[in-house]
Structure formats: C-alpha cells, structure tokens
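Each chain is listed here by its residues.
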Amino acid sequence: MRRSRFAFPLKHARGPALAILVALAAPVVPAFAENAPAAAASPDNGTVWWSEIMSADPARTREFYASVAGWTPKTVAATDTTRAPNPGEAEYTLFTSNGVEVAGASKLDPDDAGDVRPGWITYIQVASVDTAVVEALKKGGRILKAPFDDTTIGRMAIVADPDGIPVGLVTPKSSAPVN
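About the cut-offs
- Residues numbered from 1 in each chain as written.
- Predicted model: local features only at pLDDT ≥ 70, side-chain atom pairs only at ≥ 80, totals over all residues.
- Heavy atoms only, no water.
- Buried < 20%, exposed > 50% of the residue type's maximum accessible area, 1.4 Å probe, protein only.
- Helix = DSSP H or I, 4+ residues; strand = E, 2+ residues; numbered from the N terminus.
- Pairing = 2+ DSSP bridges.
- Polar contact = N/O pair within 3.5 Å; in protein donor to acceptor, adjacent residues only side chain to side chain.
- Axes fitted to C-alpha atoms, helices over the stretch in contact; angles between N-to-C directions.
- Contact = heavy atoms within 4.5 Å.

### Section: the pairing of strand β7 (residues 154–160)
Burial runs high along β7: 7 of the 7 residues are buried. Joining the antiparallel neighbours strand β6 (residues 142–150) and β7 is a turn of 3 residues. In this sheet, strand β8 (residues 166–172) lies alongside β7 in antiparallel orientation, the contact comprising 7 bridges. Along β8, the bridge assignment pairs Val 159 with Val 167. Turn length for the β7-β8 hairpin, with the two strands adjacent in sequence and antiparallel, is 5 residues, and the turn residue Gly 164 shows positive phi of about 90 degrees.

### Some points on the environment of Asp 130
Along the polypeptide, Asp 130 turns up in helix α3 (residues 129–138). Classification of Asp 130 by relative accessible area gives buried; the value is 0%. Sequence separation between Asp 130 and Met 156 is 26 residues; the distance between their C-alpha atoms is 8.7 Å. Polar contacts involving the side chain of Asp 130 include one to the side chain of Arg 155, which spans 2.9 Å.

### Focus on unusual backbone geometry
Among all residues save glycine, negative phi is the norm, and among peptide bonds the norm is trans. With phi around 55 degrees, Asn 98 is a residue other than glycine that occupies positive phi space. With respect to the helices and strands, the residue Asn 98 is situated in the loop between β3 (91–97) and β4 (100–107). Residue Asn 98 is classed as exposed on the basis of its relative accessible area, which comes to 80%.

### Here's the deal with the sheet that holds β3
By definition, the strands of a sheet pair up through backbone hydrogen bonds, in either a parallel or an antiparallel sense. Strand order across the open sheet formed by 8 strands is β2-β3-β4-β1-β5-β8-β7-β6, with mixed pairing between neighbours. Pairing within the sheet leaves two strands with one partner each, and these edge strands are β2 (72–77) and β6. Sheet twist, expressed as the mean angle between neighbouring strand axes with direction ignored, is 25 degrees. When strand β5 (residues 119–125) meets β8, the two strands line up parallel, connected through 3 bridges. Counterpart to Tyr 123 in the pairing with β8 is Gly 168. Together, β1 (48–55), β2, β3, β4 and β5 form the strand contacts of helix α2 (residues 58–68), whose direction differs from that of β3 by roughly 0 degrees. This element, α3, spans β6, β7 and β8 of the sheet and lies at about 10 degrees to β7.

Here's what the structure looks like:
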C-alpha cells in the first residue's frame, strides 16, 4: 500500500503543525463549487447542447459554411440574438439548416486567454456545471473559463480535457437542448 508523503504518526503533530497537516489532507474544492446549485435532473443531460466556432474572421467563416454545409448564416447582436447588431456592437452568427438553428459563430476576442484559439467548441448539457468542473479537475482536465452565469442561457464553463481539447459545459435555463 502506498503511503502519503504526509503520513507520519499524529502523536508528533501539535498545534500549528496539526492544522497544516489537516489542511494539506483536505480535498481542494474551487471556491465556485462551495455554493454550487443543486443538480437539475434532465433527460437531456449528457447531450450535445450547442456547437460554436470561434473565428478570427467571421465573414469568411459565414461564407465557408454557407457554401460547404449549405447553412444559412444570420448575423445578430451578440448580447441579444433576437435582433440585428447596432453599428459597432459585437456580432454573433446563427447558422440555420431548413429553418432550424444548428450552430453559432463568434469573433475570437484577442483579449481572451492564450489557450483560446480559432476552432469549434461543443457544449455539453450537464446537471450542474460546478460539479462537472470539479470532476474535470479530478480527472486531469483544467479550467479554461471558470463557471459563470449568462442571464439568457444559464450556467456555463469551458474546460480542457486531459488531452487539452476544450469542451463547453452548460446547465441551461431552458430544459430543451438547442441541438
């Protein structure tokens, strides 16, 4: 049996030394997980909820997927996808196929972390984003974007799996998956 490097007789640990030993033995729980909302049961948990491409050139991306996939792109305001963007406002692209939204595209923000690069990201619906992020950390993943609340979508986060591949996690306000 393998022993912890902190395994020594507790009879020798006193006062501050005991407090340090106890602190080192305690599991590390990220601050966001301490007040995690209760997990929501949904038959859609574990399904692909949405796919989105982060693009350095959204206009080129719209043209590419319109030609290659036959998708119809619609440019909307990033903060309100029910309307067109105002001049100078951040844009988002909704791709539709036969009138059904199938994916989205957004401009890669140059201020994003160094781990963010152009490419597709898949969002998976989970019962609790906070719990899923803790599990990702336990299994060798890492946090790319800590859990946050989006007022129109729900709770979200982006993690990297052990191979470094980003995946989005979402606990949506609406129980129906997007796609």
